[in-house]
Amino acid sequence: MPSVEDIINQYGPAQHLSLAELEAGLAKVHASPKDGGALELIVRRSAENMREAIDEANLDLELGLVGDSWKNRPSTRSADGLAHPDMQLNIMNARFIDLISQDRARWPLAGDQLFLDMDLSAANLPAGSQLALGSAIIEVTDQPHTGCQKFVARFGLDAMKFVNSKLGRELNLRGINAKVIQAGQIHLGDIAKKL
């Protein structure tokens, strides 16, 4: 299972895109399906900075993505400091990660578990929206997903400014948080359907 460092070493340092390049690539992101988007990548994070791209996974009510380290990650947003129940799953738009990473092998560097070819904007998937994915059902939560220093190091300062801009937040370019409300199995290529 590769670490973040292994991925960076194997594929060399990324060429970070400028704000103009990010804006120019946005048309492709805007064309993401409003419904019926395909699951393009599943990433299990078994430990901090470890990434494993997998073809299928089980989603569990208590554990989120089974084998992922979410449950062991403390959160400053939860009352008890433990893993936040509304942040079990981090989901990112596949077209946007493709734009900023410039290489599919770099997608896992984002730290998200699910990459959907789907419009994740607040207008299309507001908090409370439910998606059937494989035999599971997940629900979008109101917890914001924003860029951080790791995101800057991997994709550039302009990318972080872009995802945290007014437009970036409306489109949820950094991604969305979700929780499992019906356990089930998911596979690469599964189609996410709004309920």
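Everything below is about the structure printed above this text.
This is a predicted model, so every value here is computed, not measured. (Residues numbered from 1 in each chain as written. Predicted model: local features only at pLDDT ≥ 70, side-chain atom pairs only at ≥ 80, totals over all residues. Heavy atoms only, no water.)

S.K.: What's the story with the packing of aromatic side chains in this structure? I'm lost.
M.R.: Geometrically, a pair of aromatic rings is defined through the distance of the ring centres and the angle of the planes. Counted according to the given criterion, the structure contains three aromatic pairs. With a centroid separation of 6.3 Å and 35° between ring planes, the pair formed by Phe 96 and Phe 162 is classed as tilted. Taken together, the positions of Phe 96 in helix α4 (residues 94–101) and Phe 162 in helix α6 (residues 157–163) put the pair 66 residues apart, joining distant regions of the chain. Here Phe 96 and Phe 162 have matching classes, each one buried. Between Phe 151 and Phe 155, the aromatic rings sit 5.1 Å apart at their centres with planes inclined by 55°, giving tilted as the arrangement. One end of the pair, Phe 151, and the other, Phe 155, are both in helix α5 (residues 149–155), four residues apart, so they sit about a helical turn from each other. (Phe/Tyr/Trp six-rings, centres within 6.5 Å; stacked < 30°, edge-to-face > 60°. Helix = DSSP H or I, 4+ residues; strand = E, 2+ residues; numbered from the N terminus. Buried < 20%, exposed > 50% of the residue type's maximum accessible area, 1.4 Å probe, protein only.)

S.K.: I'm lost on the pairing of strand β10 (residues 184–187) in this one. Help?
M.R.: For a regular strand, side chains alternate in direction, first toward one face of the sheet and then toward the other. Residues Gly 184 and Ile 186 line the buried face of β10, whereas the alternating positions Gln 185 and His 187 sit on a face that is not buried. Pairing of strand β3 (residues 56–60) with β10, which is carried by four bridges, proceeds in the antiparallel orientation. When the sheet's bridge partners are listed, Glu 56 is paired in β10 with His 187. (Pairing = 2+ DSSP bridges.)

S.K.: How do you make sense of α4 when you look at a structure like this?
M.R.: Along α4, six of the eight residues are buried, which leaves the element largely enclosed by surrounding structure. Residues Ala 94, Phe 96, Ile 97, Leu 99, Ile 100 and Ser 101 constitute the buried set of α4. Capping of α4 at its N-terminal end is provided by Asn 93; its side-chain oxygen lies 2.7 Å from the backbone amide nitrogen of Arg 95. One or two residues past the end of α4 sits Gln 102, with phi positive at roughly 65°. (Polar contact = N/O pair within 3.5 Å; in protein donor to acceptor, adjacent residues only side chain to side chain.)

None of the figures reported here should be taken as evidence of function without further support.
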